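A structural walkthrough
What follows is each chain in one-letter form.
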Amino acid sequence: MSMWQRIAVGTAVTAVTVGGLTAAANAQTTSTQSTGKSAAQTHERGSDKVRDNEEVVEAFMADVLDGHHGADAAKYLTPDMAWHGGTVGTVAGSANVTGLMTTVVTSIPDLHTSTQDIFGQGDEVVVRLIVSGTQTGPLLGIPASGRHVQWDATDLYRLQDGKIAEEWAAEDFTAFLADTGTYKAPWIQ
C-alpha cells in the first residue's frame, strides 16, 4: 500500500469514527431529552456490578501494568481469556495473555498508565489511557531502543464472574513506532 493510500485509509477511518461519535452523542442527547435521565442512569452505569467490574480492571492495571507484575495477570483472567490486539493479532488463553503482559512490563520496566476515562455498562468496561515508559527490551519484534515511549490507548474489557474474559486493545502503535525510531509516519511532526 502506498503512502497516499495509507493516508486515505486513515482519513476514512477517522471520518467514520468521528462521525460515529457524533451520531452517538446526538443519540444520547436525544435520549436524555426524551426520558429526563442521563446516559449513566439509563444504562445502569452506577450499578454495583458495573462498579465491581471497573474495580477489577483498575486493580488489573495497577497490579500488572503499573506494578510491573506480569505474572499476576492470571489471577484477573478467565482460563479462556482472549486479548484482541487488532493488527497485532489475538492472544488466547490465560497463560498466553499472562506471558504477553509479562513481556510488556519486562520490555518497558518503568511502564506507567494514566487513566483518562473509565466507564462500564453491563459486563463491559472501557478505559481510555496514556501509556508511557522506557523501552529497554524487545517488544513486538522491535529491538530495545532505550527511548521513552508514549501512546494513547482505548481498551474494552468484557468481564465474566468478576474476571476479565476478553480485551480489545486499541493502542496507537504508530506513536510507539515513532518513539522507538522504527517508523515515523509522514503526518507526525
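Nothing here was measured: the structure is a model prediction, and the numbers come from that model.

What counts, and at which threshold
Per chain, the residues get numbers from 1 upward, laid out in the order the sequence is written. With the structure being a predicted model, the display of local features is reserved for residues of pLDDT at least 70 and the display and counting of side-chain atom pairs for 80 or more, all residues being used for whole-chain, interface and lining totals. Neither water nor hydrogens contribute to the side-chain values; these are computed over all heavy atoms in the structure. Only the six-membered ring of Trp is used, alongside the rings of Phe and Tyr, when aromatic pairs are assigned; centres must lie within 6.5 Å, and planes under 30 degrees apart are stacked while those over 60 apart are edge-to-face, with the rest tilted. Only runs of H or I of at least four residues qualify as helices and only runs of E of at least two qualify as strands under DSSP, and these elements are numbered from the N terminus. With a 1.4 Å probe rolled over the protein chains alone, any residue whose accessible area is under 20% of its type maximum counts as buried; one over 50% counts as exposed, and the rest are partly exposed. The positive count covers Lys and Arg only, the negative count covers Asp and Glu only, and His and the chain ends enter neither. For this document, the term salt bridge refers to a Lys or Arg side-chain nitrogen within 4 Å of an Asp or Glu carboxyl oxygen. Each polar contact in these results corresponds to two N or O atoms within 3.5 Å; when the atoms are within protein, one needs to be able to donate a hydrogen and the other to accept it, and residues that are neighboring in sequence are counted only if both atoms are side-chain atoms. Any two residues whose heavy atoms approach within 4.5 Å are treated as being in contact.

With that settled, the discussion passes to the packing of aromatic side chains. What describes a pair of aromatic rings is the distance from one ring centre to the other and the angle between the planes of the rings. In total, this model carries three aromatic pairs according to the counting rule given. Where phenylalanine 60 meets tyrosine 76, the ring centres are 5.8 Å apart and the plane angle is 75 degrees; that geometry is what we call edge-to-face. Of the two residues, phenylalanine 60 sits in helix α3 (residues 48-66) while tyrosine 76 sits in the loop between α3 and β1 (77-84), which places them 16 residues apart along the sequence. Judged by its relative accessible area of 13%, tyrosine 76 falls in the buried class.

Mapped onto the elements, glutamate 171 comes out in strand β6 (residues 163-171). Nearest to the buried, unbridged glutamate 171 among oppositely charged side chains is arginine 128, at 12 Å. In this structure the side chain of glutamate 171 is engaged in a polar contact, spanning 2.7 Å, whose partner is the side chain of tryptophan 151. Not counting chain neighbours up to four residues away, the residues in contact with glutamate 171 comprise Trp151, Asp152, Ala153 and Asp155.

This next bit is on the pattern of salt bridges. One side chain can pair with another of opposite charge once the charged atoms of both are near each other. Counted under the stated rule, the structure contains seven salt bridges. In this structure, the salt-bridge partner of lysine 49 is aspartate 123, at a minimum N-O distance of 2.6 Å. Residue lysine 49 is located in helix α3, and its partner aspartate 123 is located in the loop between β3 (112-121) and β4 (124-134); the two are separated by 74 residues in the primary sequence. Aspartate 123 sits in the partly exposed class, given a relative accessible area of 32%. Through salt bridges with shared partners, a single network forms among Arg51, Glu54, Glu55 and Glu58.

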